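Residue strings, one per chain:
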Amino acid sequence: AGTAASISAVPPAQWNAVTVQRFLKTKGLEELCVTFQQQGVTGPVLMSLTEQDLESNLGIKKFGLRRQLALAIQELRRGSFSSNGGGRSGGSQAAPAAAAARPGGAS
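Being a predicted model, the structure only gives us computed values, none of them experimental. (Residues numbered from 1 in each chain as written. Predicted model: local features only at pLDDT ≥ 70, side-chain atom pairs only at ≥ 80, totals over all residues. Heavy atoms only, no water.)

Before going further, it helps to examine the environment of R66. Mapped onto the secondary structure, R66 falls in helix α6 (residues 63-78). Sequence separation of R66 and E51 is 15 residues, and the distance between their C-alpha atoms is 6.4 Å. When near neighbours in sequence (up to four residues on either side) are disregarded, R66 contacts E51, L54, E55, I60 and K61. (Helix = DSSP H or I, 4+ residues; strand = E, 2+ residues; numbered from the N terminus. Contact = heavy atoms within 4.5 Å.)

Dropping the structure here:
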């Protein structure tokens, strides 16, 4: 639980290779850790990966793994990283704040 909070406290663009591996573990993708370590994948590199990169450059042949990781990267790009209910602090307040900010929400 503390791992997810410590990961989300730092923006992905500042992650080092060790933090990327922690992220993979929180997403149930620990089998990719060795590959990512060998390839020196840091946060900025992770954020730039495409599914084609995952298959061609990193050799991830299993479609399910590639798609799981691609979806997790999409979450990071949207700034909505969470793991097992953890994630960004204040995340539980985001939905009500968004609803209150919506024009015409309560007229």
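On to the pattern of salt bridges. In total, this model carries four salt bridges according to the counting rule given. Ionic pairing is found between K27 and E75, a salt bridge with its closest N-O pair at 3.1 Å. Of this pair, K27 sits in the loop between α2 (17-26) and α3 (33-39) while E75 sits in helix α6, and the two are 48 residues apart along the sequence. Note that E31 and K62 form a salt bridge whose closest N and O atoms lie 3.6 Å from each other. Here E31, found in the loop between α2 and α3, pairs with K62, found in the loop between α5 (51-57) and α6; they are 31 residues apart in sequence, far enough to count as distant. (Salt bridge = Lys/Arg side-chain N within 4 Å of Asp/Glu carboxyl O.)

This next bit is on the environment of G40. Take G40: it is sitting in the loop between α3 and α4 (43-48). The spacing of G40 and A17 is 23 residues in sequence and 6.1 Å in space, taken between C-alpha atoms.

The pLDDT averaged across the protein chain works out to 79; a share of 67% of its residues lies at or above 70. Considering only residues more than four positions removed or in separate chains, one finds that residues 83-102, a stretch of pLDDT under 50, has nine contacts. (pLDDT = per-residue confidence, 0-100.)

Let's shift gears to α2. All of the buried residues along α2 are T19, V20, Q21, F23, L24 and T26. Where α2 ends, the next residue or the one after it, G28, has phi of about 75°, a positive value. (Buried < 20%, exposed > 50% of the residue type's maximum accessible area, 1.4 Å probe, protein only.)

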